[in-house]
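# Inside the fold
Listed below are the residues making up each chain.
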Amino acid sequence: MHLNLSLYLVTDSTPAILKGRDLCTVVEEALKGGVTIVQYRDKKCDTGLMIETAKKLHKITQAYGVPLLINDRVDVALAAGVEGVHLGQDDMNITEAKKLLPTDAVIGITASSIEEAQRAVAEGADYLGVGTMFATPTKKDTKSIIGTAGTKIILEAIADAGRPVGVVSIGGINLSNVQRVLYQSQSAKKGLDGVAVVSAIIAAEDPREAAAKFVKRINSPPSFASTVQVPRDNEAALLVQEVPGIVRKVATRHPLVHNMINYVVANFVANVVLSIGASPIMSPYGDEAADLALNDGALVINMGTLNSDSVSHYTKAIKAYNERGNPVIYDPVGAAATQIRRSAVTQLMSVGYFDLIKGNEGEIRQVSGNSAVRQRGVDSGPSTLNSLEKATLARDLARRERNIVLLTGAVDYLSDGERVIAVENGHEYLGQVTGTGCAIGAISGCFLTAHRSDKLAAVLSGLLMYEIAAENAAAKDYVRGPGSFVPAFLDELYAIRQAAVRNDDSWLSGRA
Ligand code: 3NM
Ligand code: MG
């Protein structure tokens, strides 16, 4: 049987989710909305009543031409004559189930690791339910939260299994994250065949409408999806040719950047943004973000002065900007420094999509090591990476997240998962002034807003403008150290912006 797994509904009869409504009615509404497969899951019901309900549900699903599977209970599936079962790792094993069920019965298996997935494929599973994607109140005893990064590793591991096996993701999937789940889990070899959802449909006020919205979102890429065709040859030189035009866009279009940034550097960062011709908004208040996102600028999350409320404010803002497809930049300041920060990284990486993650070596390593399903962990490597390792770290993280990664240092490494660019510009005074690193996040936001077609080219352009301005400032004879460097640096950013507006691109000639 060909299974359409694209919108997989798992039922739940607990009062918190079903809210006193009739399960059959809710399921029928969801089918009208476009659910493609249904699993009847009830952990508490008596067997007799469960069979009765399964038969009722089956009448309905048959009317919509949709298969019905039973969670755990091979006996109930047989008694009700439905299409198959879904089995967890602690349920009847697949070999035993196959002995009992008709040969054409569908058997789905839950898998949370590469080993479980490979075994299920080898034993003949028809599809896998892979999870837990995100922590969810619907099932509190899940084994591990694997996120899109872990899901992708499992997809890669079974891509060469020799026979095609469907895969759906489960856990905490809702309308606001479904497109990101599909987009970021996609590996070069294999993507998800669908998503499995409980509360986002069953608990919805209008299950039919919720299902219909899922169908629509599943069938279209997220608005932040990259569409750029990556050139094969001579990529760095080609990219540099685009830079002056992109700087001109920023200088003439005055993009907005909303900074949720640490209080130490807020003033300096706002002035840097003004110098390049863009507009800064400095607001740490998450409840304001939905309105601010309507301006279609970028959002910068800089967790330099994290406190107990920060993550919830960031979360509201990230969701608001993701929803509109506006650029979101994550600067995980001090990511590895404390337990609080390490856990903030884990939470933030699960709440939304970041177009750009920017950080130093330690920060990027912390973000990279943050997957419950490990391939080859970066955290087992040497304490300081050489240039090839840094380039690889940036590329692998960008490939995993399907975004842009900027690993900053004396040499900066910038990657979109395919291309890696090393940028050697800049000046040591940048390291002597607080906020110069944080300002790169804000600058990147301005450039990603003004130039959306190629995110790598956008971030590269901002970085080159910034670092060449620093070189120009440091070369002034009146600049004697970090103190006199700061005003000169703002002046030089302004000078490049003015040159760009005049169509004078000589500031870049021979410099990158
Ligand atoms: N299985 P919701 S998570 C039934 O990780 C189930 O295997 C999971 O519910 C797993 O869509 C889960 O409401 C519940 O988050 C998913
Ligand atoms: Mg089970």
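Scroll up to find the structure this text is about.
Report on the accompanying structure.

Definitions and cut-offs
- Residues numbered from 1 in each chain as written.
- Chains lettered and ligands numbered in written order.
- Predicted model: local features only at pLDDT ≥ 70, side-chain atom pairs only at ≥ 80, totals over all residues.
- Heavy atoms only, no water.
- Donors = N, O, S within 2.8 Å, 3.2 Å for Na, K, Ca; no water.
- Helix = DSSP H or I, 4+ residues; strand = E, 2+ residues; numbered from the N terminus.
- Buried < 20%, exposed > 50% of the residue type's maximum accessible area, 1.4 Å probe, protein only.
- Near = heavy atom within 4 Å.
- Polar contact = N/O pair within 3.5 Å; in protein donor to acceptor, adjacent residues only side chain to side chain.
- Areas by Shrake-Rupley, 256 points an atom, 1.4 Å probe, with all protein chains shown as cover.
- Nonpolar A, V, L, I, M, F, W, Y, C, P; charged D, E, K, R; others polar.
- Core = buried A, V, L, I, M, F, W, Y, C linked by side-chain atoms within 4.5 Å.
- Contact = heavy atoms within 4.5 Å.
- Patch = residues over 30% accessible without salt bridge, like charges linked within 9 Å, V, L, I, M, F, W, Y side chains within 5 Å.
- Salt bridge = Lys/Arg side-chain N within 4 Å of Asp/Glu carboxyl O.

### Quick look at the coordination of the magnesium ion (ligand 2)
Six octahedrally arranged donors around a metal ideally form angles of 90 or 180 degrees; four tetrahedrally arranged donors ideally form angles of 109.5 degrees. The magnesium ion (ligand 2) binds to the protein through D72 (OD) and D91 (OD), with metal-donor distances spanning 2.1 to 2.3 Å. Of the two residues, D72 sits in the loop between β3 (68-71) and α4 (74-80) while D91 sits in the loop between β4 (84-87) and α5 (94-100), which places them 19 residues apart along the sequence. Overall, D72 belongs to the partly exposed group, its relative accessible area being 21%. We classify D91 as partly exposed; its relative accessible area is 24%.

### Re the site of ligand 1
In the neighbourhood of ligand 1, 14 residues make up the surrounding shell, with T132, T136, T138, G172 and S199 lying closest. A distance of 2.4 Å separates an oxygen atom of ligand 1 from a polar atom in the side chain of T132. The side chain of T136 places a nitrogen or oxygen atom 2.6 Å from an oxygen atom of ligand 1. Isolated, ligand 1 exposes 420 Å² of accessible area, and the fraction of that covered by the protein chains is 94%. Taken together, the residues of the shell around ligand 1 break down into three nonpolar, nine polar and two charged.

### What about the nonpolar core?
One broad trend across soluble globular proteins is that nonpolar side chains are buried collectively. Of all hydrophobic cores here, the largest spans 79 residues; its most connected members are L128 and I201. The element best represented in this core is helix α2 (residues 23-33), accounting for six residues. If near-sequence neighbours (up to four positions away) are discounted, I201 is found in contact with L7, L9, A30, V35, P207, A210, A211 and F214. V273, A442, L464 and A500 belong to the second-largest nonpolar core, a separate cluster that totals 61 residues.

### What about a nonpolar patch on the surface?
A cluster of nonpolar side chains, L78, M92 and L100, forms an exposed patch at the surface whose accessible area comes to about 250 Å². Along the chain, L78 turns up in helix α4. What makes L78 partly exposed here is its relative accessible area of 40%.

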